[in-house]
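Working through the structure, step by step
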Amino acid sequence: MSGFRSGAVALVGRPNVGKSTLLNALLGQKLSIVTPRPQTTRHRVLGLGNYPDGQIAYVDTPGLHMGQKRALNRAMNRTAASALADADLVALVVEALRWTDEDQMVLDRIRDSGLPSVLVINKVDKVRPRERLLPFIADLAKRQAFVEVVPVSAQKGDNLSPLVAALLRHLPEGEAMYPPEMVTDKSERFRIAEIVREKLTLELNQEVPYGIAVEVESLREEDGQPVCSAVVWVDREGQKPIVIGARGARLKRIGTAARREINALTGQRWHLELWVKVRENWADNAQALRALGLE
């Protein structure tokens, strides 16, 4: 197909710049979970954008960050770095008017990769007047020879078409890598576990920071109804009653919110069983990280 372009674009940046929100906005559907907490994304998530003149395999990545105290943090950084190794093009996502040491660390990684990079300046809807962006863009252009600079608002869905056009311009010509009906490489089991984890994170907010993981133990059918049984892993005994709440009220709220979204995703009415279990310091245990698909 003459002029058709296809390739992998790694969405990289420090935590909380809006990579997952951007992926969801580009796809027009929710694929990556989103919370206000940094480091919500733990996995590499592939989302496919199919366009008349090309196919983009967007790869959402965990935010590259400096604090690597726990094995989980190191695993997340490795996941993000490996996405660079497999990409044709990098989209560096930054927050408008904000540049930190972690942003510089990400830029250094991109420079080391030798890949062409597009600078995506997100959250520009918060900048008034818009002209304040110009010196910020000029400063970043001195740091790296970006092939394009595109300001966007992932939250508002602003300026996404020019971003897609810019990404396609710098991908190689070639046939689509994936069938057009495919949206992601992630299984239903993975997406359900992530929805539950999102609702846990939103509900618990500051109370149980990062010591939570979700593992779907079974997907089955009972009396014609799909049933999901999932374990919420915490890494300390004291966290268990916090997650469950008084008389189980909090876990019930989390389950109800998750079930609604799972129903909407699958078009089916699910019964969701949630159990809270303790796995001491799982975020520092390489074997536990492998079991949970985080390594």
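Residues numbered from 1 in each chain as written. Predicted model: local features only at pLDDT ≥ 70, side-chain atom pairs only at ≥ 80, totals over all residues. Heavy atoms only, no water.

1. Details of the environment of Val-183
Test applied: Numbering of helices and strands runs from the N terminus, with a helix taken as a DSSP run of H or I at least four residues long and a strand as a DSSP run of E at least two residues long. Pairs of residues are marked as contacts when any of their non-hydrogen atoms sit within 4.5 Å.
Tracing the chain through its elements places Val-183 in the loop between helix H5 (160-169) and helix H6 (188-204). Val-183 sits 133 residues away from Asn-50 along the chain, and the two C-alpha atoms are 9.1 Å apart. Among all residues touching Val-183, those that are not within four sequence positions of it are Gln-29, Leu-31, Leu-46, Gly-47 and Leu-48.

2. Considering the sheet that holds strand E2 (residues 45-51)
Basically, it comes down to this: Only strands joined by at least two bridges in the DSSP assignment are considered to pair. For helices, the fitted line uses only the C-alpha atoms of the stretch in contact; every axis is such a line through C-alpha atoms, and the angle between N-to-C directions lies from 0 to 180 degrees.
Read from one edge of the open sheet, six strands run E2-E3-E1-E4-E5-E6, paired in mixed fashion. Strands with a single pairing partner mark the edges of an open sheet, and in this sheet they are E2 and strand E6 (148-151). Direction aside, the axes of adjacent strands within the sheet are offset by 25 degrees on average. As paired elements, strand E4 (residues 89-95) and strand E5 (residues 117-122) share six bridges and run parallel to each other. Considered in E5, the bridge of Leu-92 is made with Leu-119. Running at roughly 100 degrees to strand E3 (residues 54-60), H5 makes contact with strand E1 (5-12), E2, E3, E4, E5 and E6 of the sheet.

3. So, the sheet that holds strand E8 (residues 225-234)
On the basis of which strands lie adjacent, the open sheet formed by three strands has the order E7-E8-E9 and mixed pairing. Strands with a single pairing partner mark the edges of an open sheet, and in this sheet they are strand E7 (212-222) and strand E9 (271-278). Going from strand to strand, the sheet's axes swing by 20 degrees on average, the running direction of each strand aside. Bridge analysis of E8 against E9 gives eight bridges, and the strand direction is parallel. Of the residues in E9, the one forming a bridge with Trp-233 is Lys-277. The strands touched by H6 are E7, E8 and E9; relative to E7, the strand with the most contacts, the crossing angle is about 130 degrees.

4. What about the side chain of Thr-35?
Keep this limit in mind: Partly exposed residues are those whose accessible area sits between 20% and 50% of the maximum for their type, while under 20% is buried and over 50% is exposed, using a 1.4 Å probe and protein chains only. We define a polar contact as two N or O atoms separated by no more than 3.5 Å, with the added condition that, inside protein, one atom must be a possible hydrogen donor and the other a possible acceptor, whereas residues neighbouring each other in sequence contribute only through side-chain atom pairs.
Along the chain, Thr-35 turns up in the loop between helix H1 (19-27) and E2. Look at Thr-35 and you get buried, because its relative accessible area is 9%. Of note is the side chain of Thr-35, whose polar atom sits 3.1 Å from the backbone nitrogen of Arg-37. One polar contact links Thr-35 to Thr-40, side chain to side chain, over a distance of 2.5 Å. Leave out the neighbours within four places in its chain, and Thr-35 touches Asn-16, Thr-40, Glu-198, Thr-201 and Leu-202.

5. With respect to the environment of Glu-221
As for its placement among the helices and strands, Glu-221 is situated in strand E7. For the pair Glu-221 and Phe-146, spaced 75 residues apart in the sequence, the C-alpha separation amounts to 51 Å.

6. Details of unusual backbone geometry
Most of the time, phi is negative for any residue but glycine, and the peptide bond is trans. A cis amide bond links Arg-128 with the next residue in sequence, Pro-129, at an omega value of -15 degrees. Among the structural elements, Pro-129 can be located in the loop between E5 and helix H4 (133-143). You will see that Asp-223, though not glycine, has its phi angle at about 50 degrees, which is positive. On the secondary structure map, Asp-223 appears in the loop between E7 and E8. Although it is not a glycine, Arg-247 sits at a positive phi angle of roughly 55 degrees. Note that Arg-247 resides in the loop between helix H7 (239-244) and helix H8 (249-266).

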